[in-house]
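Residue strings, one per chain:
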Protein chains: 2
Amino acid sequence: MSGGIGSRFWPASTAERPKQFLDLLGTGKSLLQMTVDRFRNIVPLSNIIVVTNVLYRDLVLEQVPDLDPSQILCEPSRRNTAPCIAYAVAHIQGRVFHQVMGRPMAEGEQVDWTDPKLNVSIIVAPSDHLILQPERFERVINEGLAFVSNHDAMLTIGVPPTRPETNYGYIQMKPSEDKIKPVKTFTEKPNLELANVFVQSGEFVWNSGMFMWSLNTIKRELEQHLPDMMTKFALGLAQMATPKEEEFIQEIFPTCPNISIDYGVMEKAKDVYVVLADFDWSDLGTWGAVYDASAKDEEGNVALAGEVTFSDSTGNIVCLPEGYTALVRGLNHYIVAQADHTLMICPRREENDIEKVKASVKSKNRI
Amino acid sequence: MSGGIGSRFWPASTAERPKQFLDLLGTGKSLLQMTVDRFRNIVPLSNIIVVTNVLYRDLVLEQVPDLDPSQILCEPSRRNTAPCIAYAVAHIQGRVFHQVMGRPMAEGEQVDWTDPKLNVSIIVAPSDHLILQPERFERVINEGLAFVSNHDAMLTIGVPPTRPETNYGYIQMKPSEDKIKPVKTFTEKPNLELANVFVQSGEFVWNSGMFMWSLNTIKRELEQHLPDMMTKFALGLAQMATPKEEEFIQEIFPTCPNISIDYGVMEKAKDVYVVLADFDWSDLGTWGAVYDASAKDEEGNVALAGEVTFSDSTGNIVCLPEGYTALVRGLNHYIVAQADHTLMICPRREENDIEKVKASVKSKNRI
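Residues numbered from 1 in each chain as written. Chains lettered and ligands numbered in written order. Predicted model: local features only at pLDDT ≥ 70, side-chain atom pairs only at ≥ 80, totals over all residues. Heavy atoms only, no water.

**What about the environment of A:Ala12?**
Residues and elements named next belong to chain A.
- Relative to the elements of secondary structure, Ala12 occurs in the segment before helix H1 (31–40).
- Judged by relative accessible area, which is 9%, Ala12 ranks as buried.
- Along the backbone, Ala12 and Leu320 are 308 residues apart, and their C-alpha atoms lie at a distance of 7.9 Å.
- In contact with Ala12, other than residues within four places in its own chain, are Arg17, Leu22, Trp287, Cys319 and Ala339. (Helix = DSSP H or I, 4+ residues; strand = E, 2+ residues; numbered from the N terminus. Buried < 20%, exposed > 50% of the residue type's maximum accessible area, 1.4 Å probe, protein only. Contact = heavy atoms within 4.5 Å.)

**Observations regarding the state of the cysteines**
- For the structure on display, the rule yields zero disulfides over all chains.
- Take A:Cys74: it sits in no disulfide, and the sulfur closest to it among the cysteines is that of A:Cys84, at 11 Å.
- Note on B:Cys256: no disulfide assigned, nearest cysteine sulfur contributed by B:Cys84 at a separation of 11 Å.
- Taking the relative accessible area as the measure of exposure, B:Cys256 reaches 5% and is therefore buried. (Disulfide = S-S within 2.5 Å.)

**Some words on the pairing of strand S8 (residues 204–214) of chain A**
Residues and elements named next belong to chain A.
- Along S8, 11 of the 11 residues are buried, which leaves the element largely enclosed by surrounding structure.
- Sheet analysis places strand S3 (residues 121–124) next to S8, joined by four bridges and oriented antiparallel. Opposite Ile122, over in S8, you have Trp213 as the bridge partner. (Pairing = 2+ DSSP bridges.)

**Details of empty space enclosed by the protein**
Residue and element names in this part refer to chain B.
- This structure, assessed with the given rule, holds one cavity of 30 Å³ or more.
- There is about 50 Å³ of room inside the largest cavity.
- Gly94, His98, Pro104, Met105, Leu237, Ala238, Met240, Ala241 and Thr242 together form the lining of the largest cavity. (1 Å grid on protein atoms, 1.4 Å probe; cavity = no way out; pocket = protein on both sides within 12 Å on 5 of 7 lines; lining within 4 Å. Points joined across faces, edges and corners; volume = space filled by probe spheres on them.)

**With respect to the relation of the copies chain B and chain A**
- The two copies are related by a screw motion: chain B maps onto chain A through a turn of 179° and a shift of 0.1 Å along the axis, at an RMSD of 0.1 Å. Overall, the copies show the geometry of a two-fold rotation axis. Judged by C-alpha distance, B:Leu331 is the residue of chain B that lies nearest the rotation axis, at 4.6 Å. (Least-squares fit on C-alpha atoms with pLDDT ≥ 70 in both.)

**Details of the interface of chain B and chain A**
- Each partner contributes to the interface: chain B provides 32 residues, whereas chain A provides 32 residues.
- Counting each side, the surface lost to burial between chain B and chain A is near 2,600 Å², with a carbon and sulfur contribution of 57%.
- The interface formed by chain B and chain A includes four salt bridges.
- Ionic pairing is found between A:Arg329 and B:Asp353, a salt bridge with its closest N-O pair at 2.8 Å.
- Connecting chain B to chain A are 20 residue pairs in polar contact (both at pLDDT 80 or more). (Buried area = accessible area lost by both parts, 1.4 Å probe. Salt bridge = Lys/Arg side-chain N within 4 Å of Asp/Glu carboxyl O. Polar contact = N/O pair within 3.5 Å; in protein donor to acceptor, adjacent residues only side chain to side chain.)

**So, the confidence of the model for chain A**
Residues and elements named next belong to chain A.
- Per-chain confidence: chain A averages 92 in pLDDT, with 98% of residues scoring 70 or above.
- Element-level pLDDT for chain A is lowest in helix H11 (residues 354–366), with a mean of 69, against a maximum mean of 98 in S3.
- Here the predicted complex scores 0.76 on pTM and 0.74 on ipTM. (pLDDT = per-residue confidence, 0-100.)

**Some remarks on helix H4 (residues 134–150) of chain A**
Residue and element names in this part refer to chain A.
- Across its 17 residues, H4 extends 24 Å between first and last C-alpha, which sits within 8% of the 24 Å expected from 1.5 Å per residue.
- Residues Phe137, Val140, Ile141, Gly144, Leu145, Phe147 and Val148 constitute the buried set of H4. Burial along H4 is one-sided: seen end-on, the buried residues are contained in an arc of 165°. Facing away from the buried side of H4, by more than 90 degrees, are the exposed residues Glu135 and Asn150. (Expected span 1.5 Å × (residues − 1). Arc of directions from axis to C-beta.)

**Description of the sheet that holds strand S15 (residues 334–339) of chain A**
- Strand order in the open sheet formed by six strands is S11(A)-S13(A)-S15(A)-S16(A)-S14(B)-S12(B), with mixed pairing between adjacent strands. Only two strands of the sheet have a single partner each, and these edge strands are strand S11 (302–305) of chain A together with strand S12 (307–311) of chain B. Averaged over all neighbouring strand pairs, the angle between strand axes comes to 10°, with direction disregarded.
- As defined by bridge partners, S11(A) adjoins strand S13 (residues 317–319) of chain A across three bridges and the pair is classed as parallel. (Axes fitted to C-alpha atoms, helices over the stretch in contact; angles between N-to-C directions.)

**Brief notes about the pattern of salt bridges**
Residues and elements named next belong to chain A.
- For the structure on display, the rule yields 36 salt bridges over all chains.
- Among the ionic pairs, Glu143 bridges to Lys179, the shortest N-O distance being 3.0 Å. Taken together, the residues Glu143 in helix H4 and Lys179 in the loop between strand S6 (170–173) and strand S7 (180–187) connect sequence positions 36 residues apart.
- On the basis of relative accessibility, which here comes to 24%, the residue Glu143 falls in the partly exposed class.

**With respect to the environment of A:Glu355**
- Mapping A:Glu355 onto the fold places it in helix H11.
- By relative accessible area, which is 36% here, A:Glu355 ends up partly exposed.

**Description of the environment of A:Glu351**
Residue and element names in this part refer to chain A.
- Residue position: Glu351 is located in the loop between strand S16 (342–347) and H11.
- With a relative accessible area of 10%, Glu351 lands in the buried category.
- With near-sequence residues (within four places) excluded, Glu351 lies in contact with Arg8, Thr286, Trp287, Gly288, Ile335 and Cys346.

**What to know about the layout of surface pockets**
Residue and element names in this part refer to chain B.
- Approximately 1,300 Å³ is the volume attributed to the second largest pocket.
- Lining of the second largest pocket is provided by 43 residues; of these, Asn80, Thr81, Asp128, His129 and Asp283 occupy positions nearest its centre.
- Of all elements in the fold, only helix H3 (81–101), strand S7 (180–187), strand S8 (204–214) and helix H9 (261–266) reach the threshold of two or more residues within the lining of the second largest pocket.
- If you tally residues by element for the lining of the second largest pocket, the top one is S8, at four residues.
- Here the lining of the second largest pocket is built from residues that sort into 13 nonpolar, 19 polar and 11 charged. (Nonpolar A, V, L, I, M, F, W, Y, C, P; charged D, E, K, R; others polar.)

**Observations concerning the sheet that holds strand S12 (residues 307–311) of chain A**
- Strand order in the open sheet formed by six strands is S12(A)-S14(A)-S16(B)-S15(B)-S13(B)-S11(B), and the pairing between neighbours is mixed. Edge strands, defined here as strands with exactly one partner in the open sheet, are S12 of chain A together with strand S11 (302–305) of chain B. Each neighbouring strand pair of the sheet contributes to a mean axis angle of 10°, computed without reference to strand direction.

**Digging into the packing of aromatic side chains**
- A full pass over the atoms with the stated rule returns 22 aromatic pairs over all chains.
- Three or more aromatic residues joined by ring pairs make a cluster, and in this case those are A:Phe39, A:Phe137 and A:Phe279.
- Above the ring of A:Tyr291, the side-chain terminus of A:Lys296 is found at 4.8 Å from the ring centroid.
- The ring of B:Tyr263 carries B:Lys268 above its face, with NZ or CZ at 5.0 Å from the centroid. (Phe/Tyr/Trp six-rings, centres within 6.5 Å; stacked < 30°, edge-to-face > 60°. Lys NZ or Arg CZ within 6 Å of the ring centre and 35° of its normal.)

**Re the packing of helix H6 (residues 215–225) of chain B against helix H7 (residues 227–235) of chain B**
Residues and elements named next belong to chain B.
- Orientation of H6 relative to H7, taken along the N-to-C sense of each, is 125°, at an axis distance of 5 Å. Judged by the inter-axis angle, H6 sits oblique to H7. Mapping the contact onto sequence places Lys219, Leu222, Glu223, Gln224 and His225 in H6 and Pro227, Met229 and Met230 in H7.
- Of the residues in the contact of H6 with H7, the class split is four nonpolar, two polar and two charged. (Parallel < 35°, antiparallel > 145°, perpendicular 65-115°, else oblique.)

**Looking at unusual backbone geometry**
All names here are of chain B.
- Of note, the phi angle at Ala241 is positive, near 55°, even though the residue is not glycine.
- Mapped onto the elements of the fold, Ala241 is located in the loop between H7 and helix H8 (245–252).
- Even without being a glycine, Leu284 presents a positive backbone phi close to 45°.
- Tracing the backbone through its elements, the reader meets Leu284 in the loop between strand S10 (281–282) and helix H10 (287–293).
- The class of Leu284 is buried, set by a relative accessible area of 0%.

Right under this line is the structure:
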């Protein structure tokens, strides 16, 4: 999933080049490139599908040039993760049918999707998260794939919490001796008090937003919880993975509801399981999260991009356009970010206020 | 005088575009343009001569397009104010001779420079200072011109001090009832203790770096105190204000000493007078001076260039490249300056440390 706009990383992340396409950690690779690389050892590259906004088709191809253009699914409008996943599921149906049956699906053809030959396993992953220890990641994914290929159930990856983070969703597990545990509840971002209770209880893990399931399971669950949307996708199944797919998607996608897979499906479904991550993970959802994840100098400063000289300064994170340099003197615990001729300077602890300030600027200019 | 490089305004002022060519106060005019404008009411434009480095010839013509190229004298190398003034004096000799005598000076011609017809008055002024109240400036200049056309003496403009500034030179006056007073001593930048004594004594004024004198006076004083340099200029007098001037200057200018007019002439000369300025003046020699001189918002912030939104911020000065925007949040009493892909962030009170930090960066990179 690579269609988001990452507005919280303004001005570094913009609608023209959202977060997943940025080298946010200064590794020389964008988050999307690192995500694709993580999966190269797990599945053949030809089985990786990037769902993005039509605006970013060329950016995806530029950053991952060994993808075939047919592996990039383009959303014609911004929705949320449920329509994104429904589109990918429909595309996979069309492609798997053709590959397994040796012919494209006929218009209106009735297909038995419970046929084990057609029932492939699917991994869903955001393209803009940080995952350290790729070997552990690989092992968790392979355990999960083994599970979903033997169980008609949905599986999430849960990350044992290390702090009462209020920016994450939480998953409560049912008691179980198994490594992969049944899910009791999903909770959206809690307040700090609740987050503390969650972490101390030991029953909760962070919702990583990564899922595994078989084609048949997710298709059935989507049909059960979002039937109107799935009826639309069903009408175009014969167009999926053919040259007609794009035209069909342009027609129906904008009519899909703006709803997340968590809210639209996971929270309502039975038979949801969680596999615990033993790798370090961050959704890199804030400058603070990027700061935490980045290599720091002796004074705790992070220079994400650009050549930055820090003098008498501690705890800053600086992100400049390529080729820019900076001299930062006597500054402590700030975010300094620049892109597209826009500079932002803000204390790290006030990052959440930036959206409000931006909104007030916009409304002022409107007067 | 428009040849300096203003290194203290890094990164806004660079060798490519020094301070005098910048719209440092956000008025839409560069300091050079404002300086030329101040003199338009005092002398005909054709009598304004801009001495600059050869690098900036086109920049001067671009900013003051109604100057004739012959009014721009180009220094082939960086020296200080004494060679700059000596060059201008030689040029004026050549030009005045031609205009008064109706023919160019002959090679080796002996000229009686005490001839009143040749003895024009000269005003010397830096091009990168701020002067408020142009009408008062005009009156002071006219008083000074009247004085030097009747006295064979050098005249400086002194600014009554408003604070014990340690970045300025001071002029001590002899007691006098006259409006234009004899000078007792020149003192370079004093320490704070001495500056306090100077200001409290009432005998001292700031040295503005602006001078008035007649051609014959400054020629004689330069010859007396810097005889080697003046011997060189004398050899090319017949080339001055002719197409051969530039070639001659390219040959001798680099051999001139790197010395200021204050140190090389004024401090050693007798018969130096000072006329008191009743206009507000700043040499804009520091970001602090520019901050003091600039219009501020209600929270005391200055946005010199670029569109800056301040939020929960006070006492900052921000200077961005044209077309740039910034959101500055939770920042107090800083300089934020950017140019040529280089950003500088520094507390206003630590401006003087920037040069040291820059030097240490350079020496680090050399290793």
